[in-house]
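Below, each chain spelled out in residue letters.
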Amino acid sequence: MSFTTPVVSVDDMREYLRLDDYANDLILVDLIEAAVVYITQTTGMDAPDQAANPLARSAVKMLVATWYDPQGIDATASERAVTEMLKHLPASTGGGANG
């Protein structure tokens, strides 16, 4: 599954993870897409709405970071933070913008 409007770009994700090369870009693409699907299934917020919402973009980055390098971060704290963030995301309005 590939989104026409990425919620988080691979470049942004690479910067967030402090990666200097492109060796894991395909892995990052898969993890970004999985995080977007996870948020959609958890909250009902679709990808365009996630892309327009700073909290949703942060949740995607935190999920990807947790899945990409679980030893590099406090996974329990990260999971707890993402869970709390998801509680505050509205469901999609159907128009591609949060309402």
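Above: the structure in question.
**Here we look at helix α4 (residues 54-68)**
And then number 1: Between its terminal C-alpha atoms α4 stretches 21 Å, which fits the 21 Å expected from 15 residues at 1.5 Å a residue.
And then number 2: Along α4, the positions that sit buried rather than exposed are A56, A59, V60, M62, L63, V64, A65 and T66.

**Regarding the nonpolar core**
Generally speaking, a soluble globular protein has its nonpolar side chains buried in company with each other.
And then number 1: If you look at the biggest cluster of nonpolar residues, it comprises 24 residues, and the most contacted ones within it are V7, M13, I39, V60 and V64.
And then number 2: Secondary-structure elements contributing two or more residues to this core are α1 (10-17), α2 (25-43), α3 (47-51), α4 and α5 (75-87).
And then number 3: Ranked by residue count, the leading element in this core is α4, at 7 residues.
And then number 4: If near-sequence neighbours (up to four positions away) are discounted, M13 is found in contact with V8, L28, I32, K61, V64 and A65.

Definitions and limits used
- Residues numbered from 1 in each chain as written.
- Predicted model: local features only at pLDDT ≥ 70, side-chain atom pairs only at ≥ 80, totals over all residues.
- Heavy atoms only, no water.
- Helix = DSSP H or I, 4+ residues; strand = E, 2+ residues; numbered from the N terminus.
- Expected span 1.5 Å × (residues − 1).
- Buried < 20%, exposed > 50% of the residue type's maximum accessible area, 1.4 Å probe, protein only.
- Core = buried A, V, L, I, M, F, W, Y, C linked by side-chain atoms within 4.5 Å.
- Contact = heavy atoms within 4.5 Å.

Take it as geometry only, folks, not as evidence of what the structure does.
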